[in-house]
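Breakdown of the fold
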Amino acid sequence: MTYGDEATVRRILRESGDTWAVVGLSTNTRRAAYGVARVLQRAGKRVVPVHPKAETVLGEQGYATLAEVPFPVDVVDVFVNSGLAGEVADQAVAVGAKAVWFQLDVVDEAAWERTRAAGLDMVMDKCPAIELPLL
């Protein structure tokens, strides 16, 4: 199944806003989250690290949870395993995000249904760093 058609991908990347909370982003430069966050920054997005360590990454202050981010977040990009991703999607709804993006291999169909039912755009099992050049 495809979790996010081309129109939804385009809308999130172009129209949903430029503040992206990247859940799972740390200072570990070998992790996929770090590379994707750099691509998002180069595309003009503000990347907000969300990680239990609340580290500053790529020049942006980190926060331990989405609830701690003191300003609106437009898109929540999720780099945690599928077993934890649904909780992050619920937190994205709670903080008023416009969209949720589950990275490659992150799939939670129940979270997909809940998030879409709450009115958010959602993409699952895709990577914005791969999709951006295709726009």
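The structure contained in this document is the topic of the report that follows. (Residues numbered from 1 in each chain as written. Predicted model: local features only at pLDDT ≥ 70, side-chain atom pairs only at ≥ 80, totals over all residues. Heavy atoms only, no water.)

1. Some details on the pattern of salt bridges
- Per the stated rule, a full pass over the model turns up six salt bridges.
- For D121, the salt bridge is made with R11, and the minimal N-O distance between the two is 2.7 Å. With D121 in strand β5 (residues 121-123) and R11 in helix α1 (residues 6-15), this pair connects stretches of sequence that are 110 residues apart.
- Classification of D121 as buried rests on a relative accessible area of 15%.
- Its relative accessible area of 30% is what places R11 among the partly exposed residues.
- The residue K45 makes a salt bridge to D18 at a minimum N-O spacing of 3.1 Å. Of this pair, K45 sits in the loop between α2 (32-42) and β2 (46-50) while D18 sits in the loop between α1 and β1 (19-23), and the two are 27 residues apart along the sequence. (Salt bridge = Lys/Arg side-chain N within 4 Å of Asp/Glu carboxyl O. Helix = DSSP H or I, 4+ residues; strand = E, 2+ residues; numbered from the N terminus. Buried < 20%, exposed > 50% of the residue type's maximum accessible area, 1.4 Å probe, protein only.)

2. Considerations on the packing of aromatic side chains
- A full pass over the atoms with the stated rule returns three aromatic pairs.
- Taken together, a centroid distance of 5.3 Å and an interplanar angle of 75° make the contact between Y3 and W112 edge-to-face. Here the residue Y3 occupies a position in the segment before α1, and W112 occupies one in helix α4 (residues 109-117), the gap between them amounting to 109 residues. Per residue, the accessibility class of Y3 equals that of W112, and both read buried. (Phe/Tyr/Trp six-rings, centres within 6.5 Å; stacked < 30°, edge-to-face > 60°.)

3. Things to note about the nonpolar core
- Core analysis: the largest hydrophobic core is formed by 25 residues, its most contacted members being V23, L66, V76, V78, V88, V100 and F102.
- Secondary structure elements with two or more residues in this core: β1, β2, β3 (75-78), α3 (82-94), β4 (99-102) and α4.
- The element best represented in this core is α3, accounting for four residues.
- Once residues within four sequence positions are removed from consideration, L66 is found in contact with A21, V23, V50, V76, V88, Q91, A92 and V95. (Core = buried A, V, L, I, M, F, W, Y, C linked by side-chain atoms within 4.5 Å. Contact = heavy atoms within 4.5 Å.)

4. Quick word on the sheet that holds β3
- Ordered by their spatial adjacency, five strands build an open sheet running β2-β1-β3-β4-β5, and the pairing between neighbours is parallel. Of all strands in the sheet, those bounded by a partner on one side alone are β2 and β5. Between one strand and the next, the sheet's axes are offset by a mean angle of 20°, whatever the strand orientation.
- Relative to β4, β3 runs parallel, the two being bridged by four bridges. Following the sheet pairing, V75 is matched in β4 by A99.
- Across the sheet, α3 lies against β1, β3 and β4, angled at about 165° from β4, the strand it touches most. (Pairing = 2+ DSSP bridges. Axes fitted to C-alpha atoms, helices over the stretch in contact; angles between N-to-C directions.)

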